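This is what each chain is made of:
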Amino acid sequence: MPEYEVLVVGGGVAGLRAALAAHETGVRVALLSKTHPVRSHDSASPGGFNAALSPEDSAEHHAQDSADAGAGLCEVNALKAFCEEAAQEALCLDHLGAPFNRTSEGMLALRRLNGSRAPRAVFAADFTGHVVLHTLYEQLLKAQIPTYDEWLVTSLIVDQGQCQGVVALELRTGKLEAFAAPAVLLATGGAGRLYQRSTASRSCTGDGMSLAYRAGLRLVDMEMVQYHPLGFRAHRAFASEATLTEGALLCDTAGQPVLPPNGPFTRDSFCRVMAETNRGQGDAGCLLLDLRPLGKDVIASHFQYLHRIARDLAGVEIDHDPLPVRPLAHRLLGGVETTLDGSTALPGLFAAGECAWLGVHGANALAGNTLITSVVFGRRAGAAAAAYAQAARPTLWPESIVKDPQACVDAIFSRQAGELTVARISHELAALMDEHVGLVRDGGGLAAAAERLTALKERYARVGLRHHGKIYNAELVAFFELASLLDVAEAVIMAAQARKESRGVHQRSDFPLPNDKEWRQHTLVSHGVNGPIVETRPVNSHLSP
Ligand SMILES: Cc1cc2nc3c(=O)[nH]c(=O)nc-3n(C[C@H](O)[C@H](O)[C@H](O)COP(=O)(O)OP(=O)(O)OC[C@H]3O[C@@H](n4cnc5c(N)ncnc54)[C@H](O)[C@@H]3O)c2cc1C
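Per chain, the residues get numbers from 1 upward, laid out in the order the sequence is written. In view of the model being predicted, local features appear only for residues whose pLDDT reaches at least 70, and side-chain atom pairs are presented and counted only at 80 or more, with totals across whole chains, interfaces and linings using the full set of residues. To obtain the side-chain values, all non-hydrogen atoms of the structure were used and water was disregarded.

1. Considerations on the overall build of the protein chain
To keep it simple, the criterion reads: The secondary structure listing takes helices from DSSP runs of H or I that are at least 4 residues long and strands from runs of E that are at least 2 residues long, numbered from the N terminus. Atoms counted for the radius of gyration: C-alpha only. Globule rule: 2.2 Å times residue count to the power 0.38. Relative accessibility under 20% of the residue-type maximum defines a buried residue, over 50% an exposed one, and the middle range a partly exposed one, all with a 1.4 Å probe and only protein chains included. Contacts between residues were defined by any pair of non-hydrogen atoms, one from each residue, lying within 4.5 Å. Throughout, the Shrake-Rupley method with a 1.4 Å probe supplies accessible areas, and for residues the shown protein chains are the sole cover considered.
When helices and strands are tallied, the protein chain shows 15 helices and 22 strands. The C-alpha atoms of the protein chain give a radius of gyration of 22 Å, which matches the 24 Å a tight globule of 545 residues would have. Put simply, the protein chain has 545 residues, and 60% of those count as buried. Look at the contacts in the protein chain between residues 6 or more apart in sequence, and 73% of them connect residues 24 or more apart. Carbon and sulfur atoms make up 52% of the accessible area of the protein chain, which amounts to about 20700 Å² in all.

Right, here's the structure in full:
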């Protein structure tokens, strides 16, 4: 059985930054990831990330803009730590050689994203996440940190109240294996695949949230589902909001601008305007993003990736014609409850990145804050996991506490495959989330969603697989991922039912106003013996370290 001191699960920016921080302390670290690290979801982040680096800007301004966007649900301590460290981490990435855009004086170029008072986003044309991911991955190779690429973690090993390792499936061989470590760090990303109409990549199936949920931990503010306003009509692709702050116009089908140029729009208000005014009826519910005011040179230098995908996926030459856009589900703002150092309520288990909740984003993330949150808190969590592992006693659990992992796969294969397939249940789940738990919700729709979810879970318990091959069995992977999505859907629906107000990205047509008196509260969903439990807790009462 492979043994390490820190096991990082996930090879996106959070996992890579965490693994490097843990390695720097001298502990034995390994990284497991179900996709190759450079194919992680971050590679899709185009617009840039916030760091208060310009002389006119400051960490305080950055924190204030984030708090304004967060609509009363941000945790002050988390926000303060984040904004102070974001600039340091941006410079660190620059020093590691990330090829960011620069000014003619050789300084880091900064662009303003919606909701920020100053140009604050460091960027590399419109493939910023891609370069950050590659820069960190180079360091991982340099540090010779062992990586288990294409290993899907299916469960946590918990013994005597402590997390002591994981069980993982090697996709290439179909082998399930236990890994031992006194510290396990979840950096498994988000759960955007809960929705059909979403920007999320295939790997965003909420695995880490589900692993923690099944271990009895609380998921916080799961009802907060951020939509991206500039999604393509028929694809999961989207245009960065940086297009708007650089001069593009959002118009109705008659060509009339629907937002003032450079207006103070944050994503939640933006999507609300689009949904509420229903202006986009003309072109299959779309508005038109007109990039022509930018001119061909700016499009070529700053939006070259968008130029290509708009042509390939939407058949639109953005320097000649407007691009039809509509809101797409983007990411969950909720996640596993952690301290500022990534520790959770289960000793030995840490979490960082999009799967973790710290209260930085509140009820609506400031555009450009999410990627760098993964970097900042990935570093913190990696260092804290290493310190924990160094102080912990060596893992002594007998291998027998892990139920024969292979028997688990054999049991799945032994089920009868019928009409019911994993793909069908996944499809129905995503359709129900789009229909009832989307941009605007109401009590009736949420109740219907809860009922249909219960039925889907019952069907999942009976589903059989059609493919029994061991090598790259995509259906088996989807089977495990669907279990995660069902858990996460349960938490999202329960929390959305509980929050009887509209705030930030959570909009209820039956409770259209914010209710500060009763709802300056976080929702917490945990998995009890008799089903999910929903609790609330006031803002600014963070989990103690
Ligand atoms: C399309 C898109 C564009 C975005 N653009 C921006 C932007 O311009 N600026 C910005 O600040 N933010 C942006 N974001 C947000 C930002 O990209 C994410 O918040 C960030 O990628 C999260 O990083 P992460 O490391 O937590 O997760 P991810 O990058 O999703 O990485 C998760 C890793 O975990 C692995 N994994 C998952 N489950 C398992 C498992 N069971 N076993 C093993 N491994 C597992 C995956 O393979 C992957 O390697 C964007 C998000 C989206 C959806």
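2. Regarding the sheet that holds strand 11 (residues 219–220)
Note the threshold: Strand pairing is assigned whenever DSSP identifies at least 2 bridges connecting the two strands. All axes here are fitted lines through C-alpha atoms, helices being fitted over the stretch that makes contact, and every angle between N-to-C directions spans 0 to 180 degrees.
The 5 strands are arranged 18-16-11-21-22 in an open sheet whose pairing can be described as mixed. Looking along the sheet, the strands with just one partner apiece sit at the ends: strand 18 (356–357) and strand 22 (531–538). Where helix 5 (residues 207–214) meets the sheet, it contacts strand 11, strand 16 (335–337), strand 21 (521–528) and strand 22, and its direction lies at approximately 40° from that of strand 16. Seen against the sheet, helix 14 (residues 474–498) touches strand 11, strand 21 and strand 22 and runs at an angle of roughly 135° to strand 21.

3. Examining the packing of aromatic side chains
Here is the rule: Pairing of aromatic side chains requires ring centres within 6.5 Å, counting the rings of Phe and Tyr and the six-membered ring of Trp. Pairs whose planes differ by under 30 degrees are stacked, by over 60 edge-to-face, and all others tilted.
Under the definition given, this model contains 10 aromatic pairs. Where Tyr148 meets Phe179, the ring centres are 4.9 Å apart and the plane angle is 85°; that geometry is what we call edge-to-face. Of this pair, Tyr148 sits in strand 6 (residues 147–149) while Phe179 is found in strand 9 (residues 175–180), placing the two residues 31 residues apart along the sequence. Residue classification places Tyr148 among the buried positions, given a relative accessible area of 18%. Owing to a relative accessible area of 0%, Phe179 belongs among the buried residues under this scheme. Ring geometry for Phe350 against Tyr388: centres 5.7 Å apart, planes inclined by 70°, an arrangement best described as edge-to-face. Of this pair, Phe350 sits in strand 17 (residues 349–351) while Tyr388 sits in helix 10 (residues 370–391); the two residues are 38 residues apart in sequence, bridging distant segments of the chain.

4. Examining the pattern of salt bridges
Which entries qualify depends on this criterion: What makes a salt bridge here is a side-chain nitrogen of Lys or Arg within 4 Å of a carboxyl oxygen of Asp or Glu, nothing more.
Enumeration over the complete set of coordinates arrives at 34 salt bridges. Here Glu428 makes a salt bridge to Arg459, at a shortest N to O gap of 2.8 Å. With Glu428 in helix 12 (residues 422–436) and Arg459 in helix 13 (residues 443–460), the pair connects residues that are 31 residues apart, well separated along the chain. Note that Arg503 and Glu501 form a salt bridge whose closest N and O atoms lie 2.7 Å from each other. Each member of the pair, Arg503 as well as Glu501, carries the same accessibility label: buried. Linked through salt bridges whose partners overlap, the residues forming this network are Arg17, Glu85, Glu89, Asp341, Arg379 and Arg380.

5. Looking at the nonpolar core
In plain terms, the rule: By nonpolar core we mean a set of buried residues, namely Ala, Val, Leu, Ile, Met, Phe, Trp, Tyr and Cys, connected to one another through side-chain atoms within 4.5 Å.
Membership of the largest hydrophobic core comes to 77 residues, with the highest contact counts inside it found for Leu429 and Val492. The element that contributes the greatest number of residues to this core is helix 14, accounting for 15 residues. When near neighbours in sequence (up to four residues on either side) are disregarded, Val492 contacts Leu194, Tyr195, Met222, Glu223, Val225, Leu332, Met433 and Val437. Grouped together as the second largest cluster of nonpolar side chains are 56 residues, Cys83, Leu108, Ala124 and Ala389 included.

6. Digging into the packing of helix 5 against helix 14
Describing two packed helices takes the angle between their axes plus the distance from one axis to the other. Selection rule: Here roughly perpendicular refers to angles of 65 to 115 degrees, roughly parallel to angles under 35, roughly antiparallel to angles over 145, and oblique to all remaining angles. As a working rule, the residues Ala, Val, Leu, Ile, Met, Phe, Trp, Tyr, Cys and Pro are called nonpolar, Asp, Glu, Lys and Arg charged, and the rest polar, with Gly in that last group.
In contact at an axis separation of 8 Å, helix 5 and helix 14 are set at 70° when each is read in the N-to-C sense. By the angle between their directions, the pair helix 5 and helix 14 is classed as roughly perpendicular. On helix 14, the residues touching Asp207, Met209, Ser210, Tyr213 and Arg214 of helix 5 are Glu481, Ala483, Ser484, Asp487, Val488 and Glu490. Of the residues belonging to the contact of helix 5 with helix 14, the class tally is 4 nonpolar, 2 polar and 5 charged.

7. Re the environment of Ala71
Among the structural elements, Ala71 can be located in the loop between helix 2 (59–69) and helix 3 (76–95). Sequence separation of Ala71 and Ser198 is 127 residues, and the distance between their C-alpha atoms is 23 Å.

8. Examining helix 11 (residues 405–413)
Put simply, the rule is: Of all possible arcs, the one meant is that of the directions from the helix axis to the C-beta atoms.
For helix 11, the complete set of buried residues consists of Pro405, Val409, Ile412 and Phe413. Across the axial projection of helix 11, the buried residues extend over an arc of 100°, all falling on one side.

9. Considering the pairing of strand 14 (residues 287–290)
Along strand 14, one buried face is formed by Leu287 and Leu289 and the opposite face, lined by Leu288 and Asp290, is buried too. The sheet contact formed by strand 13 (residues 249–251) and strand 14 spans 3 bridges and is antiparallel. Bridge pairing in strand 14 links Cys251 to Leu288.

10. Notes on unusual backbone geometry
Positive phi outside glycine occurs at Ala125, with the angle close to 40°. Its place among the elements puts Ala125 in the loop between strand 5 (121–122) and helix 4 (128–142). You can call Ala125 buried: its relative accessible area is 4%. Residue Tyr472 is not a glycine yet carries a positive backbone phi of 45°. Looking at the element boundaries, Tyr472 is found in the loop between helix 13 and helix 14. On the basis of relative accessible area, Tyr472 is assigned to the partly exposed category, the value being 44%.

11. Here we look at the side chain of Ser484
Tracing the backbone through its elements, the reader meets Ser484 in helix 14. Here Ser484 falls in the buried class, since its relative accessible area comes to 5%. Residues in contact with Ser484, not counting those within four places in the same chain, are Thr205, Gly206, Asp207, Ser210 and Arg214.

12. Topic: the packing of helix 1 (residues 13–24) against helix 10
Just so we agree on the cut-off: Crossings are assigned a handedness: left-handed for a near helix turned anticlockwise from the far helix by less than a right angle, right-handed for a clockwise turn.
At a minimum axis distance of 7 Å, the contact between helix 1 and helix 10 shows a crossing angle of 35°. Between helix 1 and helix 10 lies a crossing whose hand is right-handed. Contact with helix 1, carried on its side by Val13, Ala14, Arg17, Ala18, Ala21 and Ala22, involves Leu371, Ser374, Val375, Gly378, Arg379, Gly382, Ala383 and Ala386 of helix 10 and no other residues of that element. Taken together, the residues that form the contact of helix 1 with helix 10 break down as 9 nonpolar, 3 polar and 2 charged.

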